[in-house]
Amino acid sequence: AQFALPICIGNILQQLYGTVDTLVIGNFCDASALAAVATSSQPLEILLCIFLGIGSGISILISQAAGASDADQLRKLAQTAVFFLYAASLPLTLLGVAAGPFLLRLMQVPADAMPYAIVYLRITTLGILGNMGYNFNAGILLGLGNSTSSLLFLGISCVTNIVLDLVLTAGLGMGVTGVAIATAASLFLSWMFSIFYIRHT
């Protein structure tokens, strides 16, 4: 239970990025901005589920190599994860930025919310690398038997997201742009923390 509980909590926290954005927008912006964030956050939530699944796969491979005390295999797996991270996230980011408006039209986003939705989707899409990188690193740490460090990094990232949401949106009046920047920055923050921890352990 001590090992599994942080994993469950972490999965829940990762779902809260869009929820927090929606709550902040709902309190400080108009209905069209709220509709934009509520709809345009859905594609990123789908990607998150995919990243969680890939991270779980990495943790299984890492745990097998660690259990066999195979240092060479661990190194190869880490290198492969890094290669796949950039090979997958960069095209996804470019696709999201370029094809975002088309996807939103398929989702039948209301016309008055469309400009906000495009802004939110394009900016948060820039956080795909951070999101995917965190989940890959979390998978590595999980495979090594460490489920608490990733939860700590994610907790710091979620708090940062809330603070930035309030500062940029409520304080500076940046609206949808503010919550989108806050989310993308927070995703990168959790990834940076995980990189620093892995390199220094």
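Use the structure listed above.
Each chain carries its own residue numbering, running from 1 in the written order of its sequence. For a predicted model such as this one, the threshold for reporting local features is a pLDDT of at least 70, and the threshold for listing and counting side-chain atom pairs is 80 or more; totals across whole chains, interfaces and linings nevertheless cover every residue. As a convention, hydrogens and water are excluded, and side-chain values are obtained from all of the structure's heavy atoms.

## Some points on the packing of aromatic side chains
- The aromatic pairing rule takes the rings of Phe, Tyr and Trp, using the six-membered ring of Trp, and pairs them if the centres are within 6.5 Å, calling planes under 30 degrees apart stacked, those over 60 edge-to-face and the rest tilted. Taken as a whole and assessed by the stated rule, the structure comprises 5 aromatic pairs.
- Each ring, one from phenylalanine 188 and one from tryptophan 191, has its centre 6.0 Å from the other, and the planes form 55°; the classification is tilted. Of this pair, phenylalanine 188 and tryptophan 191 both sit in helix α9 (residues 175-199), separated by 3 residues, roughly a single helical turn.
- A relative accessible area of 6% means that tryptophan 191 is categorised as buried. Strands are runs of DSSP state E lasting at least 2 residues, helices are runs of H or I lasting at least 4, and numbering of each runs from the N terminus. Remark: exposure states derive from per-residue accessible area (1.4 Å probe, protein chains only) relative to the maximum for the residue type, with buried under 20%, exposed over 50%, and partly exposed in between.

## Looking at helix α5 (residues 71-106)
- To get the bend at any residue, fit one axis to the seven residues that end at it and another to the seven that begin at it, then take the angle between the two axes. Along its length, α5 reaches its greatest deviation from straightness, about 65°, at alanine 99, and the proline proline 101 lies no more than four positions downstream.
- For α5, the set of buried residues is Leu77, Ala81, Leu85, Ala88, Ser89, Thr93, Gly96, Gly100, Pro101 and Leu104.
- Any N or O atom pair separated by 3.5 Å or less is treated as a polar contact, with the protein-specific requirement of one donor-capable and one acceptor-capable atom, and with residues adjacent in sequence counted only for side-chain atom pairs. Of the residues flanking the start of α5, the one acting as N-cap is aspartate 70, its side-chain oxygen 3.3 Å from the backbone nitrogen of aspartate 72.
- Directly after α5, the chain includes glutamine 108, whose backbone phi takes a positive value near 60°.

## Focus: unusual backbone geometry
- The phi torsion at serine 69 lies on the positive side, around 55°, for a residue other than glycine.
- Within the secondary structure, serine 69 is located in the loop between α4 (42-67) and α5.
- Phi is positive for glutamine 108, which is not a glycine, with a value near 60°.
- In this structure, glutamine 108 sits in the loop between α5 and α6 (114-125).

## Considering the packing of helix α3 (residues 31-40) against α6
- With their axes 8 Å apart at the nearest point, α3 and α6 run at an angle of 40° to one another. In terms of their interaxial angle, α3 and α6 are classed as oblique. The interaxial crossing formed by α3 with α6 has right-handed handedness. Facing α3, whose interface residues are Ser32, Ala33, Ala36, Val37 and Ser40, α6 presents Tyr116, Ala117, Tyr120 and Leu121.
- Tallied by class, residues from the contact of α3 with α6 come to 7 nonpolar, 2 polar and no charged. Each axis is a line fitted through C-alpha atoms, and for a helix only the stretch in contact is used; angles between axes span 0 to 180 degrees, taken between their N-to-C directions. These descriptions rest on fixed angle ranges, namely under 35 degrees for roughly parallel, over 145 for roughly antiparallel, 65 to 115 for roughly perpendicular, and the rest for oblique. Crossing handedness: left-handed means the near helix sits turned counterclockwise from the far one by under a right angle, and right-handed means the same turn made clockwise. Residues count as neighbours in contact if any of their non-hydrogen atoms are within 4.5 Å of one another. Residues are sorted three ways: Asp, Glu, Lys and Arg are charged, Ala, Val, Leu, Ile, Met, Phe, Trp, Tyr, Cys and Pro are nonpolar, and all the rest, Gly among them, are polar.

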